[in-house]
Amino acid sequence: MSSRRNFLQKLSFSALAIPSFYTFNTGDKEANAQPFDTQPYDGPVLRVALMGLGSYANRVAEAMKDCKMAKLVGVVSGTPSKIPVWQKKYDIPDKNCYNYENFDSIKDNPDIDAVYVITPNSLHREGVIRTAKAGKHAICEKPMAVNAIEGQEMVDACKAANVKLLVGYRMHFEPKTLEIIKMRKAGEFGEIKFFQGLSGFIIGNPNQWRLDPVLAGGGSMMDIGVYSINGARYLVGEEPIWVTAQETKTDPVKFKEGVDETIQFQMGFPSGAVASCLSTYAMNNLDSFFLNGVNGFAELQPASGYGPIKGRTHKGELTHPHKTHQTIQMDEMAEIILNGKKPIVPVDGEEGVKDLKIIDAIYSAVKSGRKMELSL
Ligand code: NAD
């Protein structure tokens with residue numbers, strides 16, 4: 001970050017200091033969420049613009065109301081009618097509203113530090129690269145891009161612009177998940193032998209972008225299977241060295257060429273541990289992780305939904321209170337960007353590229369029927 005940006009940020013941090021109480025989120029799904037923090041806070045705040053005002057952006061915006069270190073201050077949208085609605089709801093000034101034509105002028109806006117790209121998958125690359133070129137930090141939804149080459153281009157663009165790139169991996173901050181990682185690091189499960197990841201749901205409307213190979217870059221693997229991939233990596237605690245995969249397609253009309261319906265895949269790790277996973281758009285009630293070591297086990301079910309996440313190990317139930325994932329994520333990401341905090345599980349662009357290399361290898365394995373070697 002340039003010294004000018006540093007200076008402008010410091011100036012505006014005090015002006016943006018937010019009050020010592022936070023709205024308690026009483027939305028249906030989050031009714032039992034805990035307030036994130038009740039301590040007074042007058043430190044630096046990451047000022048964020050959201051790009052792509054669809055369903056997930058709405059969820060992030062609501063969750064950000066409870067953040068202490070991150071604040072929604074701007075929007076980027078190609079749908080003019082959405083902008084006044086968001087301005088009113090989140091108190092966003094005209095000068096912080098952009099469309100895709102004038103977005104690059106955000107570089108001259110000293111009141112926005114970061115852009116969170118929440119558009120369809122194949123548009124992430126362009127959103128992030130334009131954000132980097134404007135000198136703003138980028139947060140990008142998963143999957144970070146539609147293949148590892150594009151992901152690497154995004155990493156390189158952010159490096160060249162000296163801005164940070166983070167991927168919206170909210171589970172990497174989830175307390176029960178982090179407890180299992182802590183137990184594994186302390187050796188409580190003994191040598192890890194096996195991981196099982198099941199990720200899936202029945203996808204509805206056949207005309208949505210998630211079923212368009214160009215906008216989605218794939219099918220269930222891009223959207224939901226990626227949770228089992230990074231779940232395997234952070235729970236086993238190693239990088240896979242090979243992958244095999246098999247596809248099942250029962251509805252070739254809904255799931256066109258290039259859009260996977262169901263893929264089973266297996267990964268092998270340097271220690272000899274193996275993972276067996278399923279990614280699908282054709283079955284509900286699939287959201288679970290199981291980790292087995294020689295001395296114990298851990299399971300999460302649900303493992304990656306919006307929560308509450310439920311977990312237990314051979315020692316008993318995990319009882320950490322539920323907090324809205326996106327609130328924790330955005331506060332943690334603000335700490336990473338503003339204070340250089342190192343998260344327990346990385347959420348940077350390199351982490352996103354590793355998952356994309358695995359996805360690329362899974363698609364190659366499906367096509368060739370061969371075991372693919374990985375070097376992450
Ligand atoms: P959505 O369809 O609800 O929203 C997409 C937004 O992008 C819309 O506002 C749409 O207008 C805009 N858009 C811009 N250009 C578009 C184009 N050419 N075609 C279609 N829409 C266009 O989708 P969503 O569920 O909000 O998903 C957006 C991103 O967020 C995806 O990458 C998805 O994987 C990710 N996501 C992440 C999570 C999570 O838990 N981390 C959850 C849901 C979605």
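Quick notes on the rules
- Residues numbered from 1 in each chain as written.
- Predicted model: local features only at pLDDT ≥ 70, side-chain atom pairs only at ≥ 80, totals over all residues.
- Heavy atoms only, no water.
- Helix = DSSP H or I, 4+ residues; strand = E, 2+ residues; numbered from the N terminus.
- Buried < 20%, exposed > 50% of the residue type's maximum accessible area, 1.4 Å probe, protein only.
- Contact = heavy atoms within 4.5 Å.
- Near = heavy atom within 4 Å.
- Polar contact = N/O pair within 3.5 Å; in protein donor to acceptor, adjacent residues only side chain to side chain.
- Areas by Shrake-Rupley, 256 points an atom, 1.4 Å probe, with all protein chains shown as cover.
- Pairing = 2+ DSSP bridges.
- Axes fitted to C-alpha atoms, helices over the stretch in contact; angles between N-to-C directions.
- Phe/Tyr/Trp six-rings, centres within 6.5 Å; stacked < 30°, edge-to-face > 60°.
- Core = buried A, V, L, I, M, F, W, Y, C linked by side-chain atoms within 4.5 Å.
- Domains from an automatic or database assignment.
- Parallel < 35°, antiparallel > 145°, perpendicular 65-115°, else oblique.
- Left-handed = near helix turned anticlockwise from the far one by under 90°.
- Nonpolar A, V, L, I, M, F, W, Y, C, P; charged D, E, K, R; others polar.
- pLDDT = per-residue confidence, 0-100.
- Right-handed = clockwise from strand over helix to strand, strands pointing away.

Draft legend 1. Inspection of the overall build of the protein at higher detail. Assigned secondary structure in the protein consists of 10 helices and 15 strands. Counting over 376 residues, the protein shows a buried share of 54%. Taking all contacts inside the protein whose residues are at least 6 apart in sequence as the whole, residues at least 24 apart take part in 69%.

Draft legend 2. Representation of the site of the ligand within the structure. Neighbouring residues of the ligand: 23 residues in total, closest S55, N121, K142, R170 and W209. Interatomic distance of 3.4 Å between a backbone N/O atom of L53 and an oxygen atom of the ligand. At 3.1 Å from an oxygen atom of the ligand is found a side-chain nitrogen or oxygen belonging to Y227. Its free accessible area being 840 Å², the ligand has 78% of it covered by the protein chains. Counting only elements with at least two residues in the shell around the ligand, the list comes to α2 (55-64) and α8 (220-236).

Draft legend 3. Looking closely at the sheet that holds strand β10 (residues 274-280). Strands sit in the order β14-β13-β12-β11-β7-β10-β9-β8-β15 across an open sheet of nine strands; the sheet is mixed. The sheet is open, and its two borders are formed by β14 (316-317) and β15 (372-373), each paired with just one other strand. Where strand β12 (residues 296-300) meets strand β13 (residues 311-313), three bridges bridge the pair, whose relative direction is antiparallel. The residue of β13 that forms the bridge with E299 is R312. The sheet contacts of helix α6 (residues 175-185) involve β7 (192-200), β11 (286-293), β12 and β13, and relative to β12 the element is tilted by about 165°. Sitting on the sheet, helix α10 (residues 349-368) is in contact with β8 (242-248), β9 (262-268) and β15, with an inclination near 60° to β8.

Draft legend 4. Seen up close, the sheet that holds strand β3 (residues 97-98). Reading across the sheet, the six strands line up as β3-β2-β1-β4-β5-β6 and stay open at both edges, with parallel pairing between neighbours. With one partner strand each, in any of the chains shown, β3 and β6 (165-167) form the two edges of the open sheet. Alignment of strand β1 (residues 46-51) against strand β2 (residues 70-76), held across six bridges, turns out to be parallel. The residue of β2 that forms the bridge with M51 is V76.

Draft legend 5. The arrangement of the packing of aromatic side chains in detail. This structure, assessed with the given rule, holds seven aromatic pairs. Taking the centre distance of 5.3 Å and the plane angle of 55° together, the rings of F195 and F289 count as tilted. Here the residue F195 occupies a position in strand β7, and F289 occupies one in strand β11, the gap between them amounting to 94 residues. The pair formed by F195 and F289 is uniform in burial state, with each residue classed as buried.

Draft legend 6. Molecular detail of the nonpolar core. Within the largest apolar cluster, 106 residues are counted, with the highest numbers of intra-cluster contacts made by L50 and F265. Looking at this core, the element that brings in the most residues is α8, giving 10 residues. Built from parts of two domains, this core gets at least three residues from each of domain 1 (2-169) and domain 2 (171-322 + 347-373). I203, L211, F255 and Y281 belong to the second-largest nonpolar core, a separate cluster that totals five residues.

Draft legend 7. Just the packing of helix α5 (residues 148-160) against α10, in detail. It is the contact of α5 with α10, at a shortest axis distance of 8 Å, that shows an interaxial angle of 165°. Relative to α10, α5 is oriented roughly antiparallel. As for the relative orientation of α5 and α10, their crossing is left-handed in sense. Here A148, G151, Q152, V155 and K159 of α5 come into contact with α10, specifically with G349, E350, V353, L356, K357 and D360. Here the residues of the contact of α5 with α10 are counted per class, giving four nonpolar, three polar and four charged.

Draft legend 8. Representation of the environment of M51 in the model. Along the chain, M51 falls in strand β1. When its relative accessible area of 2% is taken as the criterion, M51 is described as buried. Measuring from C-alpha to C-alpha, the distance between M51 and G127 comes to 7.8 Å, with 76 residues separating the pair along the chain. When residues no more than four places from it in sequence are discounted, the contact partners of M51 are V76, Y100, F103, V115, Y116, V117, I118, T119, G127 and T131.

Draft legend 9. Just the confidence of the model for the protein, in detail. When pLDDT is averaged along the protein, the result is 91; 90% of the residues meet or exceed 70. Low pLDDT, under 50, characterises residues 1-35; the stretch is placed with 60 contacts to residues that sit more than four places away or in other chains.

Draft legend 10. Inspection of the pairing of strand β5 (residues 137-140) at higher detail. Going residue by residue along β5, you find H137 and I139 tucked away on one face and A138 and C140 tucked away on the opposite face as well. With four bridges joining them, strand β4 (residues 114-117) and β5 adopt parallel strand pairing. Bridging from a neighbouring strand, V115 pairs with A138 of β5. At this point the chain moves from β4, through helix α4 (residues 124-133), to the parallel β5, and the crossover so formed is right-handed. Bridging between β5 and β6 involves three bridges; their strand directions are parallel.

Draft legend 11. Spatial organisation of α6. Those residues of α6 not exposed but buried are K176, T177, L178, I180, I181, M183 and R184. On its buried face, α6 sits against β7, α8, β11, β12 and β13. Looking at where α6 begins, the residue whose side-chain oxygen comes 3.2 Å from the main-chain nitrogen of K176 is E174. Looking one or two residues past α6, G187 carries a phi angle of roughly 80°, positive in sign.

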